Amino acid sequence: MQILPNNHTELRTVLVVKNTEVKLSAVAGDLKKSPSDALVVGVGQGADGPVLLENPLTAKSAEALAESLAALGLTGAADQAHRLPGLPEAGAAVLVLAGVGKVSPGTRIPDEALRRAAGSAVRQLAGVSTVTLALPTPDVAAVAAVAEGAAMGAYSFTEHRSTKDGLKDPVKAVRILTDLAADKALKPVLERASLIGKAVKATRSLVNQPPSHLYPETFADAAKELAKGLPVKVTVWDEKRLEKDGFGGILGVGKGSSRQPRLVKVEYAPAKATAKIALVGKGITFDTGGISLKPHLGMGEMKSDMAGAAVVLNTVLALAELGLPVKATAWLCIAENMPSGSAQRPADVMTIFGGKTVEVLNTDAEGRLVMADGIVAASQEYPDAIIDVATLTGAQLIALGDRTAGVMGADSVTGAIKAAADRAGELVWPMPLPEELRPSLDSQVADIANIGERHGGMMTAAVFLREFVGKDRNGEQIPWAHIDIAGPSFNTGSPYGYTHKQGTGSTVRTLVTYVEDLLAKTA
Ligand code: BES
Ligand code: MN
Ligand code: ZN
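Basis of the calculations
- Residues numbered from 1 in each chain as written.
- Chains lettered and ligands numbered in written order.
- Predicted model: local features only at pLDDT ≥ 70, side-chain atom pairs only at ≥ 80, totals over all residues.
- Heavy atoms only, no water.
- Pairing = 2+ DSSP bridges.
- Helix = DSSP H or I, 4+ residues; strand = E, 2+ residues; numbered from the N terminus.
- Buried < 20%, exposed > 50% of the residue type's maximum accessible area, 1.4 Å probe, protein only.
- Contact = heavy atoms within 4.5 Å.
- Donors = N, O, S within 2.8 Å, 3.2 Å for Na, K, Ca; no water.
- Tetrahedral: all angles 85-135°; square planar, octahedral: opposite > 155°, others 65-115°.
- Near = heavy atom within 4 Å.
- Polar contact = N/O pair within 3.5 Å; in protein donor to acceptor, adjacent residues only side chain to side chain.
- Areas by Shrake-Rupley, 256 points an atom, 1.4 Å probe, with all protein chains shown as cover.
- Nonpolar A, V, L, I, M, F, W, Y, C, P; charged D, E, K, R; others polar.
- Phe/Tyr/Trp six-rings, centres within 6.5 Å; stacked < 30°, edge-to-face > 60°.

### What to know about the sheet that holds strand 14 (residues 348-351)
Next, step 1: If you walk across this open sheet you meet the three strands as 14-15-19, and the pairing is mixed. Strands at the two margins of the open sheet, each flanked by one partner only, are strand 14 and strand 19 (448-449).
Next, step 2: Here strand 15 (residues 357-360) runs beside strand 19; their pairing, made up of two bridges, is parallel. Each bridged residue has a counterpart across the sheet, and for V358 the counterpart in strand 19 is I448.

### Observations concerning the side chain of T507
Next, step 1: Tracing the chain through its elements places T507 in the loop between strand 22 (502-503) and helix 13 (508-522).
Next, step 2: Judged by relative accessible area, which is 2%, T507 ranks as buried.
Next, step 3: In this structure, T507 is in contact with V311, V389, E426, I483 and I485, ignoring residues within four places of it in sequence.

### Details of the coordination of the manganese ion (ligand 2)
Next, step 1: At 2.1 to 2.2 Å from the manganese ion (ligand 2) lie its protein donor atoms, namely D287 (OD), D364 (O), D364 (OD) and E366 (OE).
Next, step 2: What the six donor atoms of the manganese ion (ligand 2) show is an angle range of 70 to 168° at the metal, which sorts the shape as irregular.
Next, step 3: Donor residues for the manganese ion (ligand 2) sit on one chain with the sequence pattern D-x76-D-x1-E.
Next, step 4: The metal-metal distance between the manganese ion (ligand 2) and the zinc ion (ligand 3) is 3.2 Å, with D287 serving as a donor to both.
Next, step 5: On the accessibility criterion, D364 (22% relative accessible area) is partly exposed.

### Here we look at the coordination of the zinc ion (ligand 3)
Next, step 1: Binding of the zinc ion (ligand 3) to the protein goes through K282 (NZ), D287 (OD), D305 (OD) and E366 (OE), at separations of 2.0 to 2.4 Å.
Next, step 2: Geometry at the zinc ion (ligand 3) is octahedral, judged from the six donor atoms that bind it and their angles of 78 to 171° at the metal.
Next, step 3: In the primary structure, the donors to the zinc ion (ligand 3) are separated according to the pattern K-x4-D-x17-D-x60-E.
Next, step 4: Given a relative accessible area of 0%, E366 falls into the buried group.

### Quick look at the site of ligand 1
Next, step 1: Around ligand 1, the surrounding shell holds 16 residues, and the nearest of these are K294, D305, D364, E366 and G394.
Next, step 2: K282 is positioned with one of its side-chain polar atoms (N or O) 3.1 Å from an oxygen atom of ligand 1.
Next, step 3: D287 places a polar side-chain atom, nitrogen or oxygen, 2.9 Å from an oxygen atom of ligand 1.
Next, step 4: Protein contact buries 76% of the 520 Å² of open area that ligand 1 shows by itself.
Next, step 5: Among the elements of the structure, strand 12 (275-287) and helix 10 (394-400) are those that each provide at least two residues to the shell around ligand 1.
Next, step 6: Tallied by class, the residues present in the shell around ligand 1 amount to five nonpolar, four polar and seven charged.

### Section: the packing of aromatic side chains
Next, step 1: Counted by the stated rule, this structure contains four aromatic pairs.
Next, step 2: An angle of 40° between the planes, with centres 6.1 Å apart, marks the rings of W237 and W331 as tilted. Placement of the pair is W237 in strand 10 (residues 233-237) and W331 in strand 13 (residues 326-337), with a sequence separation of 94 residues. Across the pair, W331 and W237 agree in class, each one buried.
Next, step 3: Ring geometry for F247 and F353: centres 4.1 Å apart, planes at 15°, overall stacked. Of the two residues, F247 sits in the loop between helix 6 (239-245) and helix 7 (248-254) while F353 sits in the loop between strand 14 and strand 15, which places them 106 residues apart along the sequence.

Okay, here's the thing in structure tokens:
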């Protein structure tokens, strides 16, 4: 982080998103030949108590361990990580018994259970340098899950600390012990896991940045910085260009802040592309609510209100790194929502890009205003599908809780997103867009109002966004889906599995998997 003073009283900062990349490899055979600092073995929650899972220890050691599991207080529940002295055959100073949750004989452990077990162990082993994971890997998919969990578990956000006292570095290298180590399919699998981990962690770090440092201008700079060296074009609309082109939603929301808003377009367009998708992300770098001010309690969490933009940015970068044959464009709609003498007022009318007018009855319903601009802009390029990602409503948390994202829109897209999320191990649930909600958004003076029916507010917000989805060349509405990640994007509770506190990086994996599925269908 470099801090450059400018001629304003404020500091202009240049954000560099630091990545804690973990070295992933697969090993087989004698552990003493590839020693590490810790060897992780799985414990499952069986019907009759804890079970020691398949492991590389000698039969004698394994038997002794299996017998002491209950006495050690282990149940095999997820997130348990019990450290013991290393055994002679372990090639490690520490042996770690890691819970994987419920198991039943003859049944494959679900990928997400492995992902979480690996992630939890690696997360909790921060401070240890090299870790060997000896979890059950019956097939390549299981190795992939372990690798992804490990990559996401190794993370920390420490750049604003003045001292390293009491801080532990994330695990640096993870070896996955597997009989499949020699399988040719493993190299791309480990590479993908590493890239996914990188994208998820870059998303978390952007979300974790304090609003003193991450604001529209520095977010746009960070997007350019992250895209460096990749076949990706980044275009930034500053306030003058936003004005000239008529992006009234982004400008209106940004009006109250001394930091000017931005629209950032991130394009990956390989020559061999067989599909074309657009992603739109909500990038409110801080949401005070504006003149419709939020209560102060917990307002700091609103630094995460740019998570959608961070997700779509890092998804497109990951697609480019993976070299997938898809044309993917991310639209980052970035503004800071502040109250001030220049802020928009409740009852103001704004003109969204493309000409539709909105009466702003509540300045805290700002996400849908910036997203409207982005969705109209995305539509003008006739993508096969538009997916928008936003920390849009508190109602999402009421409807689906902290961890499950809501997905709404065209069945063809929402169904594919749900399927992708299931495979990626993320929680997503489809919600309807009931027709009766639309009239609740009627305005007395403009085309539409920015608030409507409060009950089912997540769906009301989606019905608002749908108004801005454009038509394809045949005059049909472009297939579109909206993902509300208000809860899942930011973990206000304890860490679990590969999920740390604060920014989670949620939805990057779902979107990358969605594109992979799409390409598999078009191939
Ligand atoms: N950024 C918030 C939504 C949010 C709330 C995200 C809690 C994460 C956690 C959004 O801009 C907002 O304030 N929405 C309002 C809309 C309402 C005024 C119609 C809300 O949900 O209260
Ligand atoms: Mn708001
Ligand atoms: Zn918001």
